[in-house]
Amino acid sequence: MVSFFWKGVDSCARASDAIYFPRSEEGARVWTEQQAARVPNGDNMRLAIETLDGELVGTINSHHCDPRNGNFQYGVAIFRDYHRRGYASEAVTIFLRYFFQELRTEKVTAHVFAFNETSKRLQEHLGFQLEGTLRNMIYTNGQHYDEYIYGLLKSEFVS
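Keep in mind the model is a prediction, meaning the values are calculated, not measured. (Residues numbered from 1 in each chain as written. Predicted model: local features only at pLDDT ≥ 70, side-chain atom pairs only at ≥ 80, totals over all residues. Heavy atoms only, no water.)

Caption draft 1: Structural view of the packing of aromatic side chains. Using the criterion set out here, one finds nine aromatic pairs in the structure. Considering the side-chain rings of Y82 and Y87, the 6.1 Å spacing of their centres and the 75° angle between planes classify their relative orientation as edge-to-face. Look at Y82 and you get buried, because its relative accessible area is 12%. You can call Y87 partly exposed: its relative accessible area is 21%. Clustering of aromatic rings is evident, with ring pairs tying together F72, F95, Y98 and F99. (Phe/Tyr/Trp six-rings, centres within 6.5 Å; stacked < 30°, edge-to-face > 60°. Buried < 20%, exposed > 50% of the residue type's maximum accessible area, 1.4 Å probe, protein only.)

Caption draft 2: Here's a closer look at the confidence of the model for the chain. For the chain, the mean per-residue pLDDT works out to 87, and 87% of the residues sit at or above 70. Between residues 1-9, whose pLDDT stays under 50, and residues either more than four places distant or in other chains, the model counts 20 contacts. (pLDDT = per-residue confidence, 0-100. Contact = heavy atoms within 4.5 Å.)

Caption draft 3: Representation of the pattern of salt bridges. In the structure shown here, the tally under the stated rule is two salt bridges. Here E131 and K107 are joined by a salt bridge, their closest N and O atoms 2.9 Å apart. Here the residue E131 occupies a position in strand β5 (residues 129-140), and K107 occupies one in strand β4 (residues 107-113), the gap between them amounting to 24 residues. For E131, a relative accessible area of 43% corresponds to the partly exposed category. Close ionic contact of K120 with E117 constitutes a salt bridge, the shortest N to O distance being 2.7 Å. Here K120 pairs with E117, and both are found in helix α4 (residues 117-125), just three residues apart, close to one helical turn. Of the residues examined, K120 reaches a relative accessible area of 12% and is grouped as buried. Overall, the relative accessible area of 42% leaves E117 in the partly exposed class. (Salt bridge = Lys/Arg side-chain N within 4 Å of Asp/Glu carboxyl O. Helix = DSSP H or I, 4+ residues; strand = E, 2+ residues; numbered from the N terminus.)

Caption draft 4: Layout of α4. Listed as buried for α4 are S119, K120, L122 and Q123. Summarising the axial view, the buried residues of α4 lie within an arc of 160°, below the 170-degree limit, and thus occupy one face. On its buried face, α4 is in contact with β3 (71-78), α3 (87-102), β4 and β6 (143-153). Count one or two residues on from α4 and you reach G127, which has phi positive near 95°. (Arc of directions from axis to C-beta.)

This is the structure:
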């Protein structure tokens, strides 16, 4: 049986860092509970994205947080059934507002795989600038793809 975690997530999984073997529904529940019970690690965090009715639509996370230099990376994943409804844009904007206005962060970067047109459009919509290309960084679906690095400075952020 395919877990609830993987229903509608295949495109999200492919756009993430790797394709992991699907979990059972019980395995997904255990993983979710473990994630929820994790002790905070600085400003690195993973949050659920929900509708106003409390329905889970995706996740957003910060990683590689460097408070000394004022930068971090983020990732966002929205389940396919909820694409193009503004959830990613709103979640990222709230997330960035917190980092820029509360944590004195100066810069955020997002790493996007070349085949992920939706994520490229999202970064550009939010004002991120393409800063570089890492060639042939991801192998998925039988071939290698480039990875794009997008960056946004606090002074460029429009909340």
